[in-house]
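As a plain string of letters, each chain reads:
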Amino acid sequence: MEQVKDEFVKEFAQDYGYPNAPKNIDEIRNSEFRRLDGLVYLDHAGASLYSESQLESIFRDFKGNVYGNPHSQSDTSSATSDIVRAARQQVLDYCNAPSDAYRCIFTSGATAALKIVGEAFPWSRESCYMYSMENHNSVLGIREYALNHGATALAVDIEEVEERSASNTHLNPTSVKIIQHPVQRRAFSREVQNSTIYNLFAFPSECNFSGTKFDLNLVNVIKKYPGRVLEGSPYCRGQWMVLLDAAKGCGTQPPDLTHFPADFVVISFYKIFGYPTGLGALVVRTEAAGLLKKIYFSGGTVAASVADIDFVKRREGIEEWFEDGTLSFLSIASLHHGFKIVNMLSISAISRHTKSLATYTRRILLALRHANGAPVCVIYERSFSKKKQGYYQSSATIQVSSWDKGPTIAFNLKRPDGSWFGHREVEKLASLSEIQLRTGCFCNPGACSKFLGLAHSDLLSNIEAGHVCWDDFDIIHGKPTGAVRISFGYMSTFEDAKMFINFIVSAFVSKQSQSREDYLLPTKMTPLQKEEGMKRSHSVAGTYLESIIIYPIKSCGGFTVDSWPLDSNGLRYDREWLLKSPSGEILTQKKVPEMSLINTSINLIERTLIVESKICEAKLQISIQQNSCSGMREEVDLYGHRYEVSGYNNEINIWFSKAVARPCTLLRCLGPASHQHVNKNYRIRDCRDVQSQLNFVNEAQLLLISKESVADLTHKVDSNIHGRNHEAKNLSHVYPMRFRPNFIISGSEPYAEDSWRSLYIGNVYFTSLGGCNRCQMVNLDVQAGQLERSKEPLATLASYRRFQGRILFGILLKYEESIKQGEEEVLETRVQVGQRIHPKTD
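Residues numbered from 1 in each chain as written. Predicted model: local features only at pLDDT ≥ 70, side-chain atom pairs only at ≥ 80, totals over all residues. Heavy atoms only, no water.

Colleague: Can you walk me through helix H2 (residues 25-32) in this structure?
Modeller: The α-helix winds at 3.6 residues per turn, so residues separated by three or four positions along the chain end up facing the same way. Within the span of H2, buried status applies to Ile25, Ile28, Arg29 and Glu32. Down the axis of H2, the smallest arc covering the buried residues is 100°, so these residues share one side. By the N-cap criterion, in which a side-chain oxygen at the helix start approaches the backbone nitrogen of a residue two or three places on, H2 is capped by asparagine 24, the distance to aspartate 26 being 3.1 Å. (Buried < 20%, exposed > 50% of the residue type's maximum accessible area, 1.4 Å probe, protein only. Helix = DSSP H or I, 4+ residues; strand = E, 2+ residues; numbered from the N terminus. Arc of directions from axis to C-beta. Polar contact = N/O pair within 3.5 Å; in protein donor to acceptor, adjacent residues only side chain to side chain.)

Structure (structure tokens):
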């Protein structure tokens, strides 16, 4: 690490680390961001981080001063008004905005600032709302106001048609080309006719998807030469105004409004220095503000109003017109302390520092190769080419580009055979490695579709397949639905970049010459190769059923038995109950880990379900007779299946609500609803057994794990933790129940179960549906009624048990009740501890 860092510092000595500031980067991290020890934070495009001294200064300020509501004439109100005025000027200074030409309107965030522009802009049926494809959803949302007023909406691509020389560094009408997408207009809209036509063009100073920095001279080009740029389009008539989304760009390069006089600029402060959240600003040109049409009035925006007649006199100040209600004045008072840090380092030094890290990381990622020579990383960025203009995916080489880049890198990873790693797989493994990054489309659908090469048909097909924002559908029809994004902030270090690169290399770069990594498991699983020197432990002939576990309530604790009956759903009463929130959400340990502290058991003789929790004094006994449910029948959706369920009385629901510390109701599965699947387009991604009758299970009726496989995993976890120099006491023991199995077997080699296609337990026949996909639930450890979380064993499993985005451990089984159980009639089919396992591998 030290040698590599020395080479990096030698190359970027003038840019990295704030050499001319009172504190260098190492001192900043050690004194201001101790909470990042052991964590690599690479989501500054989503939110930057506040420093310790920033919060300490804010606390001292609030502790020593009294700030009152500014809508008054008291001394404390006057003090607040002074603070607000100073903050407005500080924001204008940050954007080099002349105070005689611009005003600063505080809002609840950048989105609220954009909404003000959309609501109050003087739209008419002759107006045009033009926006670059690479815009945030909050900018696209303005389209609704334009279309609703009869205006035209027009998405465009902005391309350079010639390279700029050193003496001519800015865009001009002959060097930029605007490519128009289909015109959008609504047949039924609220048409307005104005004597003057006002149009609005919106673009980001920096794309939050790719990090591309747009040339701000677009402001001047659009305002002065719309006819030449739009090549005689009918939508170039009238006066053009420009909206600049600087929410992302302000973190490293605020716009210079003296040279690039945009009419509207939106800012988000937590993107700059982490705190406060919920506060943004609309920096508006004074002349443009006079054209906005505000309808609503509120406290603070009126000089006088009469309650029972139609009379209101609005305040004259631009800020007062648009700042509805009482300002978040304490948040505004906090801005000074954030800007103090930025000014201490200087925004130019922050820009150079973050760019050096992004440049280094981008270069390494593009150079990565699998053992067969195939590139690992595809970076999404805009580049210029004399032969062809537009967007490029950089994989093997860096394109010569006149587009500047921010400290953001969007990319996807490829396997040696050219197929894609899913971005959710990258995010999951990064989290296990203490690396925080962002995946998806980042609320920028235009850039996402452009860079990923997704046509309208692809997008609509993905939506029909059930894909929505923030889900796990990362690959559909062989194409990525989103990307991975890392972004650097002013406190990011070389060590952050290097640890991220090391993670990519160790988790995704193939060291073998074959086209598929040797640790990946095929769909029909085969045994993993044994480690060198591993001895054969037991023969298959000696394999037997060691434990049977039943989990009556989904995600709650289970209980072990020596013998248990089976029915068409698998083990009788297994996952036959669940907890549902008032909003309809099904509660699971992923979101409510406390559910693991609820212990359950079933008395078959007394026909009762017994539930207990250390939080609740009394045990709960619930009859399991079919007619015991007292609630109304209803239907619930779970993993693409629809179930008919029935609830219980209020006393039972109160008990469970107390046990999980949130309102919920207990529901029992009565069977599948008349229409099994929620809708015909729903992709049942997780459920492996879509034909059988199921209770509330995720993938299949039953789960089997091997005691020897758990022992081998435990050995690997121990080795990994000691290899990372962590204290052994931080390791929670990897015991079989962490995986919530129904069957625990013993007597076979580790992972022998991977190759089983079917098996008999005694005379009972089961088919294997393949490996079980593991998630963070296996990292929850319940010991002596205490719940602990860690990164293990999932982190270790991910290093050698991955296949197509899944981390596999144990196998899923389906009970084949149609198979005759020997020669005799069997009244009740049971499995019993100690029975022999007879697997088939072909």
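Colleague: Explanation requested: the packing of aromatic side chains in the structure shown.
Modeller: Aromatic ring pairs are reported here in terms of the distance separating the ring centres and the angle at which the planes meet. Scanning all chains against the criterion turns up 35 aromatic pairs. On the basis of an interplanar angle of 80° and a centroid distance of 6.3 Å, the ring pair of phenylalanine 62 and tyrosine 67 is categorised as edge-to-face. Accessibility expressed as a relative area gives 27% for phenylalanine 62, which makes it partly exposed. Between phenylalanine 421 and phenylalanine 508, the ring centres sit 4.9 Å apart and the planes meet at 75°, which makes this aromatic pair edge-to-face. Here phenylalanine 421, found in the loop between strand S16 (408-413) and helix H15 (423-432), pairs with phenylalanine 508, found in helix H18 (residues 494-508); they are 87 residues apart in sequence, far enough to count as distant. Residue classification places phenylalanine 421 among the buried residues on the basis of a relative accessible area of 1%. Overall, the relative accessible area of 0% leaves phenylalanine 508 in the buried class. Ring-pair connections join several aromatic residues into one group, and the members of that group are Phe8, Phe12, Tyr16, Tyr360 and Phe494. The ring of tyrosine 800 is capped by lysine 716, whose NZ or CZ atom sits 4.9 Å from the centre of that ring. (Phe/Tyr/Trp six-rings, centres within 6.5 Å; stacked < 30°, edge-to-face > 60°. Lys NZ or Arg CZ within 6 Å of the ring centre and 35° of its normal.)

Colleague: Honestly, the pattern of salt bridges in this entry has me stumped. Any pointers?
Modeller: Evaluation of the coordinates by the stated rule reveals 36 salt bridges. The shortest N-O distance in the salt bridge between aspartate 82 and arginine 85 comes to 2.3 Å. Of this pair, aspartate 82 and arginine 85 are both found in helix H4 (residues 75-94), 3 residues apart, which corresponds to roughly one turn of the helix. According to the relative accessible area criterion, aspartate 82 is partly exposed, its value standing at 43%. Overall, arginine 85 belongs to the exposed group, its relative accessible area being 52%. For aspartate 781, the salt bridge is made with arginine 738, and the minimal N-O distance between the two is 3.9 Å. Taken together, the positions of aspartate 781 in strand S37 (residues 780-783) and arginine 738 in the loop between helix H20 (707-723) and strand S34 (743-746) put the pair 43 residues apart, joining distant regions of the chain. Here the salt bridges do not stand alone but share partners, grouping Lys223, Asp263, Arg285 and Glu287 into one network. (Salt bridge = Lys/Arg side-chain N within 4 Å of Asp/Glu carboxyl O.)

Colleague: It is not clear to me how the pairing of strand S24 (residues 563-567) should be interpreted in this structure. Could you clarify?
Modeller: The side chains of a regular strand alternate, residue by residue, between the two faces of the sheet. Pairing of S24 with strand S41 (residues 830-832) involves 3 bridges; the strand directions are antiparallel. When the bridges of S41 are listed, tryptophan 564 appears paired with valine 831. Of the strand pairs in this sheet, S24 and strand S25 (residues 570-571) are connected by 2 bridges, and their pairing is antiparallel. Its bridge partner being in S25, aspartate 567 is matched across the sheet by glycine 570. The antiparallel pairing of S24 with S25 creates a hairpin that spans 2 residues between the two strands. (Pairing = 2+ DSSP bridges.)

Colleague: Could you clarify how one ought to interpret the sheet that holds strand S27 (residues 599-603) in this entry?
Modeller: Either a parallel or an antiparallel arrangement is found when strands of a sheet pair, and the pairing is made through backbone hydrogen bonds. Here we have 3 strands laid out as an open sheet, ordered S27-S28-S29, and antiparallel in their pairing. Each of the sheet's edge strands pairs with one partner strand only, and the pair in question is S27 and strand S29 (616-623). Geometrically, the sheet is characterised by an average inter-axis angle of 20° between neighbouring strands, direction not taken into account. As judged from the 5 bridges shared by strand S28 (residues 608-613) and S29, these two strands associate in the antiparallel manner. Its bridge partner being in S29, isoleucine 610 is matched across the sheet by glutamine 621. Those strands touched by helix H19 (residues 650-660) are S28 and S29, and its axis lies near 135° from that of S29. (Axes fitted to C-alpha atoms, helices over the stretch in contact; angles between N-to-C directions. Contact = heavy atoms within 4.5 Å.)

Colleague: What's the story with the packing of H15 against H18 in this structure? I'm lost.
Modeller: For any two helices packed against each other, the geometry is given by the interaxial angle and the distance between the axes. Viewed as axis vectors pointing N to C, H15 and H18 meet at an angle of 115°, and their least axial separation amounts to 11 Å. Helix-helix and strand crossings are classified by hand; for H15 and H18 the assignment is right-handed. Where H15 abuts H18, its residues Glu425, Val426, Leu429 and Ala430 lie against Phe503, Ala507 and Phe508. Tallied by class, residues from the contact of H15 with H18 come to 6 nonpolar, no polar and 1 charged. (Left-handed = near helix turned anticlockwise from the far one by under 90°. Nonpolar A, V, L, I, M, F, W, Y, C, P; charged D, E, K, R; others polar.)

Colleague: Teacher, can you tell me more about the state of the cysteines here?
Modeller: Each disulfide consists of a covalent bond between the sulfur atoms of two cysteine residues. For the coordinates displayed, the defined rule picks out 1 disulfide. A sulfur-sulfur distance of 2.1 Å marks the disulfide that ties cysteine 441 to cysteine 448. Its S-S torsion of approximately -45° makes the covalent link between cysteine 441 and cysteine 448 left-handed. Among the residues examined, cysteine 441 registers a relative accessible area of 24% and is labelled partly exposed. (Disulfide = S-S within 2.5 Å.)

Colleague: Sorry, what's going on with the confidence of the model for the protein chain here?
Modeller: For any part of a model where pLDDT is low, the fine detail of the predicted coordinates should not be relied upon. Of the residues in the protein chain, 84% have a pLDDT of 70 or more, and the chain-wide mean is 84. Note that pLDDT drops below 50 for residues 384-392; the model gives that stretch 29 contacts with residues more than four away or on any other chain. In this model, residues 394-402 is a region of pLDDT below 50 whose contacts with residues beyond four sequence positions or in other chains number 27 contacts. (pLDDT = per-residue confidence, 0-100.)

Colleague: What exactly am I supposed to notice about the nonpolar core here?
Modeller: The tendency in soluble globular proteins is for nonpolar side chains to be buried as a group. Ranked by internal contacts, the top residues of the largest apolar core, which has 135 residues, are Phe106, Phe209, Phe269 and Phe500. Sorting elements by how many residues they give to this core places H18 first, with 8 residues. In contact with phenylalanine 500, not counting residues within four places along its chain, are Leu42, Thr361, Leu365, Phe411, Ile435, Leu437 and Ile486. Ranked by size, the runner-up nonpolar core spans 47 residues in total, among them Val611, Ile622, Ala659 and Leu666. (Core = buried A, V, L, I, M, F, W, Y, C linked by side-chain atoms within 4.5 Å.)

Colleague: Explain the packing of helix H1 (residues 2-11) against H18 to me, please; I cannot follow it from the model alone.
Modeller: Where H1 contacts H18, the axes come no closer than 11 Å and their chain directions differ by 125°. Here H18 runs oblique to H1, going by the angle between their axes. Relative to H18, H1 is oriented so that their crossing is right-handed. The residues of H18 that touch H1, namely those facing Val4, Lys5 and Phe8, are Phe494, Glu495 and Lys498. (Parallel < 35°, antiparallel > 145°, perpendicular 65-115°, else oblique.)

Colleague: What exactly am I supposed to notice about a nonpolar patch on the surface here?
Modeller: Nonpolar side chains collect at one region of the surface, where Tyr50, Leu55 and Tyr275 lie side by side and expose about 220 Å² of accessible area between them. By the secondary structure assignment, tyrosine 50 is in the loop between strand S1 (40-41) and helix H3 (52-64). On the basis of relative accessibility, which here comes to 31%, the residue tyrosine 50 falls in the partly exposed class. (Patch = residues over 30% accessible without salt bridge, like charges linked within 9 Å, V, L, I, M, F, W, Y side chains within 5 Å. Areas by Shrake-Rupley, 256 points an atom, 1.4 Å probe, with all protein chains shown as cover.)

Colleague: Can you walk me through the environment of arginine 285 in this structure?
Modeller: Mapping arginine 285 onto the fold places it in strand S10 (residues 280-285). Taking relative accessible area as the criterion, arginine 285 reaches 14% and is therefore assigned buried. C-alpha separation for the pair arginine 285 and arginine 103, spaced 182 residues apart in sequence, amounts to 6.4 Å. For arginine 285, the contacting residues outside a window of four places in its chain are Ala101, Tyr102, Lys223, Pro261, Ala262 and Asp263.

Colleague: Is there a simple way to think about the environment of isoleucine 807 in this case?
Modeller: The residue isoleucine 807 is located in strand S40 (residues 806-815) in this model. Under the relative-accessibility criterion, isoleucine 807 is labelled buried at 1%. Remark: the alpha-carbon pair of isoleucine 807 and alanine 795, spanning 12 residues in sequence, is separated by 9.6 Å.

Colleague: Can you walk me through unusual backbone geometry in this structure?
Modeller: The general pattern is negative phi for most residues beyond glycine and trans for most peptide bonds. In this structure, the amide linkage connecting tyrosine 275 to the following residue, proline 276, adopts the cis form with an omega of 5°. By the element assignment, proline 276 lies in the loop between helix H10 (270-273) and S10. Glutamate 792 connects to proline 793 through a cis peptide bond whose omega is 10°. The residue proline 793 is located in the loop between strand S38 (786-789) and helix H21 (794-800) in this model. Phi at tyrosine 573 is positive, roughly 75°, even though this residue is not glycine. In this structure, tyrosine 573 sits in the loop between S25 and strand S26 (577-580).

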